[in-house]
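What follows is the residue order along each chain.
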Amino acid sequence: MHHFAYRDGVLHAEEVNLAELAGKVGTPTYVYSQATLTRHFQVFAQAFAGLEALVCFSVKANSNRAVLALMASLGGGADIVSGGELSRALAAGVPPDKIVYSGVGKAMTEMEAALTAGILMFNIESAQELALLNETAGRLGVRAPVSLRVNPDVDARTHPKITTGLAKNKFGLDMQRAFDQYQQAAGLAHVELKGVSCHIGSQITQVEPFADAVGRLEVLIQRLRDAGIDLSLLDLGGGLGITYRNEEPPTPGQYAAALREQVARLGMRLVLEPGRVLVGNAGILLARVLFTKDTPAKHFIVVDAAMNDLVRPAFYDSYHHILPVIQANGRGEVKADVVGPICETGDFLARDREMADLQRGELMAVMSAGAYGFVMASNYNSRPRPAEVMVHGDRWSVVRRRETVAELMRGESLPDWMA
Ligand SMILES: *Cc1c(COP(=O)(O)O)cnc(C)c1O
C-alpha cells in the first residue's frame, strides 16, 4: 500500500502533483512519500508487538538523512554496514544504542568510530574480524558488544545476487564454526557476547526460509546455553520482499506470525533489520522522455534517467512498473524498451514492456524505486546524481539537491608534471 495515485488524471504523491513537481525540481528525481514510509514502519513494528522487538532500519536501502530522521522519530534504530552509514545514522538522530553494525569487512577505523559512539552491537562474521574488534576495544578501554552472524545455509529462494544465507555465500559463520567461535569469544577480555544474528537474503516472498533459519538458530542457541553461554539478543536480519509486479510476499503480520512462537520460546530480545519492505514502495523515480525511436526490431523510449540513477533493472533484471504521470485520453499502448542515455546496452529501465505510448517531453514514474535506488546511483558517464524530494501531505521539500557537474570534478587534480 502506498500513496502514489492519480487525481484528475495526474499522478500525485500524497497531495502533490508530480507534473508540477517535475517542472520545479527537474528530472530525474526521486520522490518519497512520508505517509507511506510512516505507515510501513508502523505496520512492521506493530506486527511484532508483544515480542520486545527493536526495528533497525537497514540504512543501505535508502540512506537519505530525511528518511533516516523519520525512521528515528518513529522509534526505529539503524542497521549499518559502514562507517559512512554510522555517521549518517548519528547525524539523523538515531540513538547509538539502537544501532547494529553488520557486514563482512569492517575496517579498524570503522570499529573505533562505532565503539566510541557506543552502538548496541557488532554482527561479527569471521574469526579475524572478532580478533581485530577485541584488540581495538582493548586499546580504547571498552568492551565490544558482539553477536556472531550465522549463515544458516537456507535457500531464501530469491535472486542469486541477493541470496546471502547459503553455504557458498561470503556471509556469516557456519553453525559449527559459530559454536566454536562463541566458546573462544567467551574468553576474550574486551568482548561482551550479546546475541546471535542472521540475514538470509533480500526480496524474500515466502515465510518458510525465515522460519527455517530461526529453527536452525534455535538449535545453536540451545547448544550454547548448554555450554554456559546465554545470549540475550536475537537478530533476524531483514529480507522481507515487496510487490514490484505480481509477487505476493507475506505481510509483516504473516511474517511476524510465522516467527512469533519460536521467538517467544527463546525468550530473547528481538532485533529486525528491514530495508526494502519499509522504503521500496514509498519512493518513485520521475523521468522525462527525451526521444522515441523505432528500429526494425524495437520501439525505444529514451528517457533522462539511466542505469546510473537506478541500476536495479541492469544489475538484477528487476521489474519496475512504469506509469505516465499524465493520463492522456485516447493514448494507445506500445511495446517498448525504456532506455537511458548511457552508452551501455544494459542501460534500460524496462524491456519489451506493454506500456503507455509516451511521447517526447512527457513524464513517467518508475514505481517502487525507494529501496536500492538513489543509494546505488553512480556518476557513470559523468552524470550528476538525481535530486531527492520528500512529500508530506500537500508539502514537499528537496531533501537532496541535484548534484552539479562542478561537484563531479571536485577532488580531482592534474599531476604536477602535467600542470
Ligand atoms: C541488506 C541487509 C538488510 C536489509 O535487507 P532488505 O532485504 O532490504 O530488508 C538487513 N540486514 C543486513 C545484514 C543486510 O545486509
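**Student:** Explanation requested: the pattern of salt bridges in the structure shown.
**Tutor:** Working definition: two side chains of opposite charge can pair if their charged atoms are close together. For the coordinates displayed, the defined rule picks out 13 salt bridges. When the shortest N-O distance is used, the salt bridge between Arg-149 and Glu-125 registers 3.1 Å. Of the two residues, Arg-149 sits in strand β9 (residues 144-149) while Glu-125 sits in the loop between β8 (121-124) and α6 (127-140), which places them 24 residues apart along the sequence. By relative accessible area, which is 6% here, Arg-149 ends up buried. Note on Glu-125: relative accessible area 3%, which makes it buried. Its salt-bridge partner being Arg-331, residue Glu-362 comes within 2.7 Å of it at the nearest N-O pair. A residue pair is termed long-range when its members are at least 10 positions apart, and Glu-362 in the loop between β17 (348-356) and β18 (363-366) and Arg-331 in the loop between β15 (322-324) and β16 (333-339) qualify at 31 residues. Judged by relative accessible area, which is 22%, Glu-362 ranks as partly exposed. One network of salt bridges, with partners in common, ties together Lys-298, Asp-337 and Asp-352.

**Student:** When you look at the site of the ligand in this model, what are you seeing that I'm missing?
**Tutor:** Taken together, 14 residues sit near the ligand, with Lys-60, Ser-202, Glu-273, Arg-276 and Tyr-372 positioned nearest. In the complex, 94% of the free accessible area of the ligand, which totals 390 Å², lies under the protein chains.

**Student:** What am I meant to see in the domain arrangement of the protein chain here?
**Tutor:** Interfaces are often sized by the accessible area lost when the parts come together. As far as domains go, the protein chain holds domain 1 (4-32 + 280-408) and domain 2 (34-278). Spacing between the C-alpha centres of domain 1 and domain 2 amounts to 32 Å. Contact with domain 1, which involves 23 residues of that partner, is made by 24 residues of domain 2. Buried area between domain 1 and domain 2, both sides added, is near 2,100 Å², and the carbon and sulfur share of it is 54%. At the junction of domain 1 with domain 2, the criterion picks out ten residue pairs in polar contact (both at pLDDT 80 or more).

**Student:** I keep staring at helix α5 (residues 108-117) and nothing clicks. Help me out?
**Tutor:** Turning to α5, its buried residues number three or more, namely Met-111, Ala-114 and Leu-115. Seen from one end, α5 has its buried residues packed into an arc of 100°, which puts them on one side. Turned more than 90 degrees away from the buried face of α5 sit Thr-109 and Thr-116, all of them exposed. Buried-residue contacts for α5 involve α4 (83-91), β7 (99-101), β8, α6 and β9. A positive phi of about 85° marks Gly-118, the residue just after α5.

**Student:** I tried to follow the sheet that holds strand β2 (residues 10-13) on my own but got confused; where do I start?
**Tutor:** Each strand in a sheet pairs with its neighbour through backbone hydrogen bonds, running either in the same direction (parallel) or in the opposite one (antiparallel). The sheet built from three strands is open, its strands ordered β1-β2-β3 with antiparallel pairing. Both edges of this open sheet fall to β1 (4-7) and β3 (16-17), since each of them pairs with a single strand only.

**Student:** How should I be thinking about the state of the cysteines in this particular structure?
**Tutor:** Cysteine pairs can be covalently joined through their sulfur atoms, and such a bond is termed a disulfide. Considering all chains together, one arrives at zero disulfides under this definition. The closest cysteine sulfur to the non-disulfide-bonded Cys-56 is located on Cys-198, 14 Å from its own sulfur. Classification of Cys-56 as buried rests on a relative accessible area of 0%. For Cys-198, a relative accessible area of 3% corresponds to the buried category.

**Student:** Looking at this model, I keep getting lost on the side chain of Asp-79. Mind explaining?
**Tutor:** Take Asp-79: it is sitting in strand β6 (residues 77-80). Of the side chains with opposite charge, Lys-60 comes closest to the buried, unpaired Asp-79, at an N-O distance of 5.5 Å. Among the polar contacts listed, one links the side chain of Asp-79 to the side chain of Ser-102, at a separation of 2.8 Å. Not counting the four nearest positions on each side in its chain, Asp-79 is found in contact with Cys-56, Phe-57, Ser-58, Val-59, Glu-85, Val-100, Ser-102 and Glu-273.

**Student:** Can you walk me through the packing of helix α2 (residues 34-47) against helix α3 (residues 65-73) in this structure?
**Tutor:** Packed helices, taken two at a time, are described by the angle between their axes plus the distance between the axes. Relative orientation of the contacting elements α2 and α3 amounts to 40°, with a least axis distance of 10 Å. Classified by the angle their axes make, α2 and α3 are oblique. Considering only the axes of α2 and α3, their crossing is right-handed. Along the contact surface, α2 presents Gln-34, Leu-37, Thr-38 and Phe-41, while α3 presents Val-67, Leu-70 and Met-71. By residue class, the composition of the contact of α2 with α3 is five nonpolar, two polar and no charged.

Cut-offs and rules
Residues numbered from 1 in each chain as written. Predicted model: local features only at pLDDT ≥ 70, side-chain atom pairs only at ≥ 80, totals over all residues. Heavy atoms only, no water. Salt bridge = Lys/Arg side-chain N within 4 Å of Asp/Glu carboxyl O. Helix = DSSP H or I, 4+ residues; strand = E, 2+ residues; numbered from the N terminus. Buried < 20%, exposed > 50% of the residue type's maximum accessible area, 1.4 Å probe, protein only. Near = heavy atom within 4 Å. Areas by Shrake-Rupley, 256 points an atom, 1.4 Å probe, with all protein chains shown as cover. Domains from an automatic or database assignment. Contact = heavy atoms within 4.5 Å. Buried area = accessible area lost by both parts, 1.4 Å probe. Polar contact = N/O pair within 3.5 Å; in protein donor to acceptor, adjacent residues only side chain to side chain. Arc of directions from axis to C-beta. Pairing = 2+ DSSP bridges. Disulfide = S-S within 2.5 Å. Lys, Arg positive; Asp, Glu negative; His and termini not counted. Axes fitted to C-alpha atoms, helices over the stretch in contact; angles between N-to-C directions. Parallel < 35°, antiparallel > 145°, perpendicular 65-115°, else oblique. Left-handed = near helix turned anticlockwise from the far one by under 90°. Nonpolar A, V, L, I, M, F, W, Y, C, P; charged D, E, K, R; others polar.

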